[in-house]
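Remarks on the overall topology
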Amino acid sequence: MHDDGRYDDPRVTGAADDPVSRETEYPGWRSAGAPQSPSESDREAPTSGVPWSSARDASDPGGRPVNATPEARVIPIRRNTSASARFEPATASQQAPGVVPDPRSTADPPVASAAPYGPTGTDAAYVSHETPTREEDDPPLAMEAMRAVQILNPSGEVSMPRPERTRVMCVANQKGGVGKTTTTVNLAVALALHGNRVLVVDLDPQGNASTGLNVPHHTGVPDVYECLINSVPLEEVTQAVEGIPNLWCVPATIDLAGAEIELVSVVARESRLARAIDAYPGHFDYVFIDCPPSLGLLTVNALVAAQEVLIPIQCEYYALEGLNQLINNINLVRQHLNPRLAVSTILLTMYDRRTRLADAVEQDVRNHFGDKVLQAVIPRNVRVSEAPSYGQSVMTYDPGSRGATSYFEAAQEIAERGVKEPVSRNA
Ligand code: ADP
Ligand code: MG
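The following refers to the structure shown. This structure is a prediction, so every number in the text was calculated from the model and none was measured.

Regarding the environment of D359
The residue D359 is located in helix α11 (residues 356-369) in this model. A relative accessible area of 42% places D359 in the partly exposed class. For the pair D359 and E316, spaced 43 residues apart in sequence, the C-alpha to C-alpha distance is 9.7 Å. Side chain to side chain, D359 and Y351 meet in a polar contact 2.7 Å long.

Okay, here's the thing in structure tokens:
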């Protein structure tokens, strides 16, 4: 602080050594003469002291170098607020690298047709029949998705192989705020952008996953409650996620808040969701179920419907507390209701490398769960928490951010593990 009470501008001095990234750094961006990073123009000045260009360094535990192509560098990423934009299916020549058209794709869910996604397509190749009113400011969501893939996977060498059979993954942890919803949304988007057909089932009455995917879930919208309580088929409440091909969502409205109690008197109350998913006529590669922060009947329904449990663990002091209770419940469900259930994946979230505690928690979790813990660790990153307020995942909101690259790596690991050690409901 100066004598007159002024502070140095942290962006100029880089005085504070805050490694928590608030922005994307695109290698070569500045040297290319661009005045701003892609989304700098619509971002407030950082409150931390990180100069823009030092946001990512080689020791970044969750970061991954982004070899942005020149094309990727000059494409501005803009926030999209348009509800009118529509995805135009990519042609075969625009297919994602490594994505081989699969005959399974013909068994589309009735809600929408799935198109192989084309990250290698150029802007010119993208044809929209529906021109946004202000194209300059408001490019279609699908173009943002396309740019996301160009930035995350510029050379196209990373593929996310589709599993042989549907993998139903329950994202559970009875603690709130550990990153269940964020993990569900971002893994689902990352896998869908790389050619997997993904369904997200929002099983939390708060409807955060529906919000994060920008799927309407106000009162009156048919939702998962209808399936659980009134036996409405899942396909009747499934909505296509705008702008992300191959991604669908079963939303949750506030009605779901009553389901926990209403389920008590319903026949086969623990397996309502499992039956609904099994009866779905379309084929999905992944079904992610975003659980509420409790171990009630909704979570039990998710555990009965799934083959795999994905537990996000926040790198904080109380992280492991209460986990025993979750594991006990999983064991009970396995013994009595769903013998195929297994904890397959642990993901460390909100890792803050400034603290030794985060390191200690990581070690504890790795010692305890071994190779179930993904190598990818999700850092605490402000872009991750900003994205939902724009109805986007961080993958499309800021694909170069450490949050996005880490979720991309996590999705890749999950996809590769699914091919190496297939986990199947029918196995
Ligand atoms: P849960 O579903 O377990 O309750 P959420 O996914 O809703 O947890 O996350 C809780 C809060 O933490 C949200 O505000 C979310 O935006 C934020 N958050 C989640 N992951 C991160 C992250 N990696 N970095 C920063 N904020 C995060
Ligand atoms: Mg949640």
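Regarding the sheet that holds strand β8 (residues 373-379)
Across the sheet, which stays open at both edges, the 8 strands sit in the order β3-β4-β2-β5-β1-β6-β7-β8 with mixed pairing between neighbours. Of all strands in the sheet, those bounded by a partner on one side alone are β3 (239-240) and β8. Sheet topology note: the strand β2 (residues 198-202)/strand β4 (residues 247-250) ladder contains 4 bridges and is parallel. Within the sheet, the bridge partner assigned to V201 lies in β4 and is V250. Across the sheet, α11 touches β6 (308-314), β7 (342-351) and β8, and the angle it forms with β7 is around 175 degrees.

Re the pattern of salt bridges
On inspection of all chains with the given rule, the structure shows 9 salt bridges. Residue R269 pairs with E270 through a salt bridge whose shortest N-O separation is 3.5 Å. Relative accessible area serves as the criterion here: at 31%, R269 is assigned to the partly exposed category. On the accessibility criterion, E270 (22% relative accessible area) is partly exposed. Salt-bridge contacts for E413 lead to R417; the nearest nitrogen and oxygen are separated by 3.8 Å. With a gap of 4 residues between them, E413 and R417 both fall in helix α14 (residues 402-420), about one helical turn apart. One network of salt bridges, with partners in common, ties together R383, E386 and D398.

Brief notes about the packing of aromatic side chains
Counted under the stated rule, the structure contains 5 aromatic pairs. Judged by centre distance (5.1 Å) and plane angle (70 degrees), the rings of Y280 and F284 are edge-to-face. There is no split in this pair, since Y280 and F284 are both buried. Where Y286 meets F288, the ring centres are 5.8 Å apart and the plane angle is 5 degrees; that geometry is what we call stacked. Taken together, the aromatic side chains of W248, Y280 and F284 make up a single cluster linked through ring pairs.

Observations concerning the site of ligand 1
Residues in close proximity to ligand 1 total 14 residues, the closest being G177, T181, T182, P379 and N381. The side chain of T181 places a nitrogen or oxygen atom 2.8 Å from an oxygen atom of ligand 1. Between a nitrogen atom of ligand 1 and a main-chain N or O atom of P379, the distance comes to 2.9 Å. For ligand 1, whose unbound accessible area comes to 550 Å², protein coverage reaches 79%. Because more than half of its atoms lie within 2 Å of the grid, ligand 1 is assigned to the largest pocket. Among the secondary structure elements, those contributing two or more residues to the shell around ligand 1 are α4 (180-193), β8 and α12 (382-386). Among the elements that make up the shell around ligand 1, the one with the highest residue count is α4 (3 residues).

Focus: the nonpolar core
In a soluble, globular protein the nonpolar side chains are often hidden away together inside. Judged by nonpolar contacts, the single largest core of 59 residues is most densely connected at V224, L228, L234, L273, I289, I311 and I313. A per-element tally of this core places helix α9 (residues 297-305) first, with 7 residues. Residue contacts for L234: discarding those within four places in its chain leaves L199, C227, V250, A276, I277 and Y280. In this structure, V189, A190, F288 and M395 belong to the second largest nonpolar core, which totals 44 residues.

Examining empty space enclosed by the protein
Taken as a whole and assessed by the stated rule, the structure comprises 3 cavities of 30 Å³ or more. Considered as a void within the structure, the largest cavity measures approximately 120 Å³ in volume. Around the largest cavity, the lining comprises 13 residues; the ones closest to its centre are E242, I244, G391, Q392 and T396. Residues that form the lining of the largest cavity fall into these classes: 5 nonpolar, 7 polar and 1 charged.

Some words on the layout of surface pockets
When its volume is computed, the largest pocket comes out at roughly 360 Å³. Looking at the lining of the largest pocket, the element that brings in the most residues is α4, giving 4 residues. Of the residues contributing to the lining of the largest pocket, the split by class is 10 nonpolar, 13 polar and 1 charged.

Some words on α4
The end-to-end C-alpha distance of α4 is 20 Å, a good match for the 20 Å that 14 residues give at a rise of 1.5 Å each. Across the 14 residues that make up α4, a large majority, 13, are buried.

Examining the environment of L297
Examined against the element boundaries, L297 turns out to sit in helix α9. Accessibility expressed as a relative area gives 16% for L297, which makes it buried. Once residues within four sequence positions are removed from consideration, L297 is found in contact with E260, L263, V264, R269 and E270.

Remarks on unusual backbone geometry
Not every positive phi belongs to a glycine, and S231 is a case in point at roughly 55 degrees. As for its position among the elements, S231 is in the loop between α6 (224-230) and β3. Look at N246: it is not a glycine, yet its phi comes out positive at around 70 degrees. One can find N246 in the loop between β3 and β4.

Reading the values: rules and limits
As a convention, each chain's residues are numbered from 1 in the sequence order in which they are written. Chain letters start at A and ligand numbers start at 1, both assigned in the order the entries are written. The predicted origin of the model limits local features to residues at a pLDDT of at least 70 and limits the giving and counting of side-chain atom pairs to 80 or more, whereas totals for whole chains, interfaces and linings rest on all residues. Side-chain calculation: all heavy atoms of the structure are included, whereas hydrogens and water are not. Only DSSP runs of H or I with at least four residues qualify as helices, and only runs of E with at least two residues qualify as strands; both kinds are numbered from the N terminus onward. Residue exposure (1.4 Å probe, protein chains only): buried if accessible area is under 20% of the type maximum, exposed if over 50%, otherwise partly exposed. N or O atoms within 3.5 Å of each other form a polar contact, as long as, within protein, one can give a hydrogen and the other can take it, and as long as residues adjacent in sequence are counted only when both atoms are side-chain atoms. Note on pairing: DSSP must find at least two bridges between two strands before they are called paired. The criterion used for residue contact is that any of the two residues' heavy atoms lie within 4.5 Å. A fitted line through C-alpha atoms represents every axis, and for helices the fit uses only the stretch in contact; the resulting angles, taken between N-to-C directions, go from 0 to 180 degrees. We define a salt bridge as a side-chain nitrogen of Lys or Arg found within 4 Å of a carboxyl oxygen belonging to Asp or Glu. Each pair of aromatic rings taken from Phe, Tyr and Trp, with Trp reduced to its six-membered ring, is defined by centres within 6.5 Å and is described as stacked if the planes are under 30 degrees apart, edge-to-face if over 60, and tilted in the remaining cases. What makes a residue near a molecule or strand is one non-hydrogen atom of that residue sitting within 4 Å of it. Surface accessibility follows the Shrake-Rupley procedure with a 1.4 Å probe radius. Residue values consider only the protein chains on display as shielding. Cavities and pockets were defined on a 1 Å grid built over protein atoms only: a cavity is a set of grid points that admits a 1.4 Å probe from which the probe cannot escape, a pocket is an open set flanked by protein on both sides within 12 Å along at least five of seven lines, and lining residues are those with an atom within 4 Å of any such point. In this scheme, a molecule is assigned to a cavity or pocket if more than half of its atoms are within 2 Å of the grid points. Residues grouped as a nonpolar core are buried Ala, Val, Leu, Ile, Met, Phe, Trp, Tyr and Cys residues, joined through side-chain atoms within 4.5 Å. Grid points are joined across faces, edges and corners, and a volume is the space filled by probe spheres set on the points. All residues other than Ala, Val, Leu, Ile, Met, Phe, Trp, Tyr, Cys, Pro, Asp, Glu, Lys and Arg, Gly among them, are scored as polar; the first ten of these are nonpolar and the last four charged. For a helix, the expected span equals 1.5 Å multiplied by the residue count minus one.

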